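Survey of secondary and tertiary structure
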Protein chains: 2
Amino acid sequence: MDKPRVTIHDVAEAAGVAVSSVSRVLSNHPSASPNMKSRVEAAVKQLGYQPDLVAQSLRTGNTRTIGLLMKDLSNPFYGEMLTFLANSMMSAGYNLLMMTSSGDAEGDSKIIEMLNQRRMDGFFLATVTDQSPLLRKTISSCRNPVVLLDRDFTNLDVARVFADHATGVNSATKDLIALGHKNIALMDGSAQIRPARERSNGFLRAINEAKIKNGVGSPINGILSPSSARAKTRELMNLPKSKRPTAIITGSTYVTIGVLEALSDLGLSPGNDLSLVACDDLPWLRVLRPRISTVSRDYQNFGTTAADLMLSLLGGEKPKTITLPTRYEARDTSQPV
Amino acid sequence: MDKPRVTIHDVAEAAGVAVSSVSRVLSNHPSASPNMKSRVEAAVKQLGYQPDLVAQSLRTGNTRTIGLLMKDLSNPFYGEMLTFLANSMMSAGYNLLMMTSSGDAEGDSKIIEMLNQRRMDGFFLATVTDQSPLLRKTISSCRNPVVLLDRDFTNLDVARVFADHATGVNSATKDLIALGHKNIALMDGSAQIRPARERSNGFLRAINEAKIKNGVGSPINGILSPSSARAKTRELMNLPKSKRPTAIITGSTYVTIGVLEALSDLGLSPGNDLSLVACDDLPWLRVLRPRISTVSRDYQNFGTTAADLMLSLLGGEKPKTITLPTRYEARDTSQPV
DNA sequence: TTGAAAGCGATACCAT
DNA sequence: ATGGTATCGCTTTCAA
């Protein structure tokens, strides 16, 4: 039942050679006679020896493991993206130690420190905020390569993968304006992280360029669940007609779900009673009727790009920032006022 | 830039004490004078010392890390569930090393071996199949506690968390039969894993008890993507009327999406032209109209139950199997023939 | 080509 | 209560 662990010493003994020789054979060192090789390999096979990766890490100083921190594995976009990230890293021989964010900067900071203590070879970070000086400092203390996933700590010598949310939302907003909308609501999550800020930027740029005064006012941030999106939407739709939005742009999937629920509550139909653009084009959106207009990003591309970037850093290259496109696609719910 | 790592030796030297004393203070050993304590703590603080967890693992033999293997992080149910699993384990002081399945038994077997070499303190496994002797053998060689996530390797001394798919699907099927359906199709994923098999069982039990001969025949397995579900559905709906299903039960989210796409292609509306029951009640289903009948399981419950079970095993308790309920909820798409 | 031994950074036993 | 030292399992330098 409790078989003893077989170590490199056992192999050496069984083969009648020194441990250093065993190590050489196992790591394909050039100087190893065919005879030595076969003896060691026979012993390895016979004993079913498997190297202890913890000991190996302590000695060599690298773990071949990348730490990953993100807020929320249940976020559909990140879930999809992660599959590709993980697969790319795995086929390059790296593993992922995944941590879910605690929800605040102090907690995330602690997690990153822990990953450091575990000697991670690299870090993928999607922290809960990118505006915290504490987190900024903790990240700067990471001894190994860092790739930020759509987070924008400034003046940090790390790599970044961005999605160009601003351009996509800007196109969407411009299209809605061209369709005659003057009361457009952007409902989004936390402005503590880059994506929501970028969407705001793209949105406001279009509003300002068109020189309309947007009846709804500024982007609405801090909506973190379907239920709060639902409540907020009902509130908006009950405004006096002059301030009531004729179009809504939803920044995240959770918001989209809540908005759709609210519209259903109110007996309003998107595309008909108001226009709607959703950010993130997930599979289930394809089965909704009417077809909802979207601003989409490619999660496969995001995942593999982040992995490639990490691998280049591990290979000694310099950190850089890569921005991936987003695309506005008008469907049934982009309609004239 | 490349600051040297500060070790326990550095702390000992700075404090003018022995390394063993530093270790004692850090692990709250009873015999440590207040004076010693304060000297060490001062040195730790001054140097910013943080223990090396790799070295610690090698010495103590435990990593406080649980290995996790699953097919597909993008599977929405597992994504949601994982959040709760991860949070529970983290608050108990454990981390998760997450691996995505390679797609075949050999690959999964290799991954589990690797996790073993990394000295994981435990294993959460949702392998790509639970019918492989190779995998069975590899799992039995795990030295630390194993919790199977809805996988059913028999005669293995490990813990299991099951969802009672059979009962939920059985209720759904019975309801459809009561509504007059005699041609019911169950479309599902791989029968290599327990969930699809259980759904088949629950389905067939209802069919046989009702003594109807189901026009569609046996459950349809092996549907792994929306596109193949879409193709299969079109094929079914083009059958001669006597064999054409009047109701469909979809075993997974991917299948549900594909079926809905196909129905849209064919100009058929669920609830009206045929009945439909979907397994797994995800948030976005709530915004579809008509409301789709579902067989649901509680992902939060699944995640925390799995975590609690693992923690009990780590605490020395015996492995057991826990089965969690599923629930059939009739909505707008369970209609009379 | 091969073996002996030092060392990675901790913990814990054994003296004192 | 404290210090010295063996040990965890491996890699790598240094001699032979």
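So, a few notes on the structure that sits alongside this text. (Residues numbered from 1 in each chain as written. Chains lettered and ligands numbered in written order. Predicted model: local features only at pLDDT ≥ 70, side-chain atom pairs only at ≥ 80, totals over all residues. Heavy atoms only, no water.)

Another aspect to go through is the nonpolar core. Ranked by size, the top nonpolar core spans 104 residues in total, and within it Phe124 of chain A together with Phe124 of chain B carry the most contacts. Once residues lying within four places of it in the same chain are set aside, the contact partners of phenylalanine 124 of chain B are Ile66, Gly67, Leu68, Leu69, Leu85, Met89, Leu96, Val147, Leu149, Ala306, Ala307 and Met310 of chain B. Of all hydrophobic cores here, the second largest spans 40 residues; its members include Met114, Met120, Leu135 and Leu156 of chain B. (Core = buried A, V, L, I, M, F, W, Y, C linked by side-chain atoms within 4.5 Å. Buried < 20%, exposed > 50% of the residue type's maximum accessible area, 1.4 Å probe, protein only. Contact = heavy atoms within 4.5 Å.)

As a further point, take the pairing of strand E3 (residues 122-126) of chain A. In summary, the side chains of a regular strand alternate between the two faces of the sheet. All names here are of chain A. With five of five residues buried, E3 is to be regarded as a mostly interior element. Burial along E3 is two-sided: the face carrying Gly122, Phe124 and Ala126 and the face carrying Phe123 and Leu125 are both buried. Strand direction decides the pairing type here: strand E1 (residues 65-70) and E3, joined by five bridges, are parallel. When the sheet's bridge partners are listed, isoleucine 66 is paired in E3 with glycine 122. With helix H7 (residues 133-140) bridging E3 and its parallel neighbour strand E4 (residues 146-149), the resulting β-α-β unit is right-handed. (Helix = DSSP H or I, 4+ residues; strand = E, 2+ residues; numbered from the N terminus. Pairing = 2+ DSSP bridges. Right-handed = clockwise from strand over helix to strand, strands pointing away.)

Here we come to the relation of the copies chain A and chain B. By a simple turn and slide, chain A fits onto chain B: the slide is 0.0 Å along the axis, the RMSD is 0.1 Å, and the turn is 180°. The symmetry that links the two subunits is that of a two-fold axis. Across chain A, the smallest distance between a C-alpha and the rotation axis is recorded for leucine 97 of chain A, namely 2.3 Å. Both copies present the same face, since 100% of the interface residues in chain A are matched by interface residues at the equivalent positions in chain B. (Least-squares fit on C-alpha atoms with pLDDT ≥ 70 in both.)

Residues in contact with DNA strand D amount to 25 residues; listed here are only the nearest, Ile8, Tyr49 and Arg59 of chain A together with Ser21 and Arg59 of chain B. Sugar plus phosphate: this is where 58% of the atoms of DNA strand D within 4 Å of the protein reside. Contact distances for DNA strand D include 3.0 Å between a phosphate oxygen and a backbone N or O atom of alanine 18 of chain B. Between DNA strand D and the protein, one listed contact pairs a phosphate oxygen with a side-chain N or O atom of serine 33 of chain B at 2.6 Å. (Near = heavy atom within 4 Å. Polar contact = N/O pair within 3.5 Å; in protein donor to acceptor, adjacent residues only side chain to side chain.)

Let's shift gears to the protein's contact with DNA strand C. In the vicinity of DNA strand C lie 27 residues, with Ser21, Arg24, Ser33 and Arg59 of chain A together with Arg59 of chain B positioned nearest. Counting only the atoms of DNA strand C within 4 Å of the protein, the fraction contributed by sugar and phosphate is 61%. Between a base oxygen of DNA strand C and a side-chain N or O atom of arginine 24 of chain A, the distance comes to 2.6 Å. Ranked by residue count, the leading element in the surface near DNA strand C is helix H4 (residues 53-60) of chain B, at five residues. Residue composition of the surface near DNA strand C, grouped by class: ten nonpolar, ten polar and seven charged. (Nonpolar A, V, L, I, M, F, W, Y, C, P; charged D, E, K, R; others polar.)

Residue and element names in this part refer to chain B. Pairing in this open sheet of five strands is mixed, and the strands run E6-E7-E8-E9-E11 from one edge to the other. With partners counted over all chains shown, the strands left at the sheet margins are strand E6 (184-187) and strand E11 (327-329), one partner each. With direction set aside, neighbouring strand axes in the sheet form an average angle of 15°. Two strands pair when backbone bridges link them, and strand E9 (residues 293-296) and E11 are joined in this way by three bridges, in the antiparallel orientation. (Axes fitted to C-alpha atoms, helices over the stretch in contact; angles between N-to-C directions.)

All names here are of chain B. At a minimum axis distance of 7 Å, the contact between helix H8 (residues 165-178) and helix H9 (residues 194-210) shows a crossing angle of 35°. As H8 runs across H9, the sense of the crossing is right-handed. Across from His165, Ala166, Val169, Asn170, Thr173, Lys174 and Ile177 in H8, the residues of H9 making contact are Arg194, Pro195, Glu198, Arg199, Gly202, Phe203, Arg205, Ala206, Ile207, Glu209 and Ala210. In terms of residue class, the contact of H8 with H9 is built from eight nonpolar, four polar and six charged. (Left-handed = near helix turned anticlockwise from the far one by under 90°.)

This paragraph deals with the interface of chain A and chain B. Facing 50 residues of chain A, the contacting portion of chain B comprises 51 residues. Buried area between chain A and chain B, summed over both chains or domains, comes out near 4700 Å², and the portion from carbon and sulfur atoms is 55%. On inspection of chain A and its partner chain B, the count reaches four salt bridges. Across the pair aspartate 52 of chain B and arginine 119 of chain A runs a salt bridge whose closest N-O atoms are separated by 2.5 Å. On the surface where chain A and chain B come into contact, there are 20 residue pairs in polar contact (both at pLDDT 80 or more). Counting residues per element, the ones that place at least two in the side of chain A that touches chain B are helix H4 (53-60), helix H5 (76-91), strand E2 (95-100), helix H6 (105-117) and helix H11 (253-266) of chain A. Broken down by element, the side of chain A that touches chain B gets its largest block of residues, seven residues, from H5 of chain A. (Buried area = accessible area lost by both parts, 1.4 Å probe. Salt bridge = Lys/Arg side-chain N within 4 Å of Asp/Glu carboxyl O.)

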